[in-house]
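Read off the chains here:
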Amino acid sequence: MIYLQLFITFFKIGLFSFGGGYGMIPMIEIETGQWLTTQEFVNIISISEMTPGPIAVNTATFVGYRVGGILGGVIATTGVILPSLILILSVCGLLNKYRKHPLLESIVWGIRPVVVALIIGAVALVARNTLLKEPISINDMLDLSSLQHLEPISIAITVLILVLLLVLKLHPILAILVGAVLGVILKYVGLF
Amino acid sequence: MKKIFLLFITFLKIGAFTFGGGFAMIPLIEREIVEKRKWVSQDSMINIISISQSFPGAVAINSSIIIGQRIGGYPGAVAATLGVTLPSLIIIIAVAKIFSYIWEIEAIKAAFRGINSAVIALLISVSIRIGKASLKDKITPFITIVALILLFWIKIHPIYIVLFGIASGIAYYFFKIKKSGKN
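So, how was this worked out
Note on numbering: residues in each chain are counted from 1, in written sequence order. Chains and ligands are labelled sequentially in the order written, the chains with letters from A and the ligands with numbers from 1. At least 70 in pLDDT is required for a residue's local features to be given in this predicted model, at least 80 for side-chain atom pairs to be given and counted, and no such filter applies to totals for whole chains, interfaces and linings, which use all residues. Each side-chain value is derived from all of the structure's non-hydrogen atoms; neither hydrogens nor water enter the calculation. Runs of E in the DSSP output that reach at least two residues are strands. Runs of H or I that reach at least four are helices, and both are numbered from the N terminus. With the radius of gyration taken over C-alpha atoms, the globule rule is written as 2.2 Å times the number of residues to the power 0.38. The buried label applies to any residue whose accessible area, calculated with a 1.4 Å probe on protein chains only, is under 20% of its type's maximum; exposed applies above 50%, and partly exposed to all values in between. Throughout, a residue-residue contact means that at least one pair of heavy atoms, one from each residue, lies within 4.5 Å. Here, Shrake-Rupley sampling with a 1.4 Å probe gives the accessible areas, and only protein chains in the shown set may cover a residue. Positive charges are assigned to Lys and Arg, negative charges to Asp and Glu, while His and the chain termini are left out of the count. The atoms used to mark charge sites are NZ of Lys, CZ of Arg, CG of Asp and CD of Glu. Under the convention used throughout, the expected extent of a helix is 1.5 Å for every residue step, that is, one less than its residue count. The quantity called bend is, for any residue, the angle between two axes fitted respectively to the seven residues ending at it and the seven beginning at it. When two parts are put together, the accessible area they lose, computed with a 1.4 Å probe and summed over both, is reported as buried area. By the criterion applied in these results, polar contacts are pairs of N or O atoms within 3.5 Å in which, for protein atoms, one can donate a hydrogen and the other can accept it, and in which residues neighboring in sequence qualify only through two side-chain atoms. Under the convention adopted here, Pro, Cys and the residues Ala, Val, Leu, Ile, Met, Phe, Trp and Tyr are nonpolar, Asp, Glu, Lys and Arg are charged, and Gly plus all remaining residues are polar. Reported domain spans reflect what an automatic or database domain assignment gives. In summary, the pairing rule links any two rings of Phe, Tyr or Trp, Trp by its six-membered ring, whose centres are within 6.5 Å, and it sorts them by plane angle into stacked for under 30 degrees, edge-to-face for over 60 and tilted for everything else. Whether a charge sits over a ring comes down to the Lys NZ or Arg CZ being within 6 Å of the ring centre and within 35 degrees of the ring normal.

## What to know about the overall build of chain B
Counting its secondary structure elements, chain B contains seven helices and zero strands. For chain B, the sequential pattern of α-helices and β-strands runs α-α-α-α-α-α-α. Compactness check: chain B gives a C-alpha radius of gyration of 21 Å against a globular reference of 16 Å for 183 residues, more than 25% above the reference. Across its three principal axes, chain B shows a C-alpha extent of roughly 60 × 50 × 25 Å. The 183 residues of chain B split such that 51% are buried. Within chain B, residue pairs in contact and separated by at least 24 positions form 41% of the contacts whose partners lie at least 6 positions apart. In the form shown here, chain B has an accessible surface area of approximately 8,900 Å², with 69% of it arising from carbon and sulfur atoms. Each charge class in chain B was averaged separately, 20 positive and 7 negative side chains, and the resulting centres sit 8 Å apart.

Spelled out as structure tokens, the structure:
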């Protein structure tokens, strides 16, 4: 039953992901591996950056639609949102009261550095699939033999845009636009 | 009833006009909810955002649920959630529909290679920002390093990495209690 499977997968993603969309990426990659290639997933991350809305919802809708049509999209999206809805509506009053409790503060203290690691995992995932000629899964990241397939032009684009983001505080949407334009130009001058 | 509808419309607008994920939505949520509608004060808004980060799930969704509930109870929470999600749902289904056709165009493929390179830069800048905000003492960078080893080397499922973070937090709490007990 594909719809039930979609629902359970995205419910699990919604339940165990902290720190917003970017921290969810490694989990979504592993959980949706049966339905998407890594390259497709990296494209979905890019599409999510270009369309409005949270990345978790975007990915859920995209994967759900691919696997089970419009109904699949709706079911996957419902699955990813439902844990938040249930948890918040049932315990938000309590949490508001105990928000300053040292145990809760310690748990948040422990989750935040882990989210940093998960976002670095997301960087590695997209990087190894864009800066290399051969796509690769998050589980094979440490296989260094793939490094011989590095793509210098893609690396140059990443470095250039990173400088624009960090130094000139370029808006993320403009960063995407610069990337797209550079990609097309480089294609037509034969470098890509 | 009018309030529930207004909640839906307001969050529909927020969902339709924020690019770049949940954190990018926060300024727009503030403008609509605090400044325009005056549904919550600036102080409680800051509160809501920090609470929504301690729940799993997307920050934008979580804060919509909390605000919706405060203003319109359970129906309000559902209306706000539907409103903030619906634009993504419609747009992504439309994109997914045309994606397989346009993917055959060479220029689109080239554009996507450039975009994917840009996304790496975006993710790096996000991890620098979140790293700076999260790693403020001597123990937290160590937790990040252990989590990275678990993720890349031991290759365990990200769920266990999140549980490792929660366990570290609980251990830290009891360590602090023990320490303050001795003093």
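## Notes on helix H4 (residues 59-102) of chain B
With 44 residues, H4 of chain B ought to run about 64 Å at 1.5 Å a step, yet its terminal C-alpha atoms sit only 32 Å apart, falling short of that. Largest kink in H4 of chain B: about 145°, centred on Gly72 of chain B, with the proline Pro75 of chain B one to four residues after it.

## Some thoughts on the interface of chain A and chain B
With 97 residues of chain A at the interface, the matching set in chain B holds 92 residues. Of all residues in chain A, Pro52, Leu89 and Trp109 of chain A give up the largest surface area on contact with chain B, accounting jointly for 9% of the area buried on that side. Between chain A and chain B we count 13 residue pairs in polar contact (both at pLDDT 80 or more) in total. When residues of the side of chain A that touches chain B are traced back to their parent elements, those giving at least two are helix H1 (2-15), helix H2 (20-31), helix H3 (38-50), helix H4 (55-98), helix H5 (102-130), helix H6 (152-167) and helix H7 (172-188) of chain A. Residue contributions to the side of chain A that touches chain B peak at 23 residues, all from H5 of chain A. In the side of chain A that touches chain B, the residues fall into 64 nonpolar, 25 polar and eight charged.

## Points about the domain arrangement of chain B
Structurally, chain B comprises domain 1 (2-102), domain 2 (105-132) and domain 3 (135-183). Relative placement of domain 1 of chain B and domain 3 of chain B: their C-alpha centres are 31 Å apart.

## Regarding the packing of aromatic side chains
Per the stated rule, a full pass over the model turns up seven aromatic pairs over all chains. Look at Phe62 of chain A and Phe99 of chain B: their rings are 6.2 Å apart centre to centre, the planes differ by 80°, and that puts the pair in the edge-to-face class. Here Phe62 of chain A, found in helix H4, pairs with Phe99 of chain B, found in helix H4, and the two come from separate chains. The class of Phe62 of chain A is buried, set by a relative accessible area of 3%. Their ring planes at 10° and their centres at 3.7 Å tell us that Trp109 of chain A and Tyr172 of chain B sit as a pair that is stacked. Note that Trp109 of chain A is positioned in helix H5 and Tyr172 of chain B in helix H7 (residues 158-182), a pairing that runs across two chains. The ring of Trp39 of chain B has Arg37 of chain B lying over it, and the distance from NZ or CZ to the ring centre is 5.9 Å.

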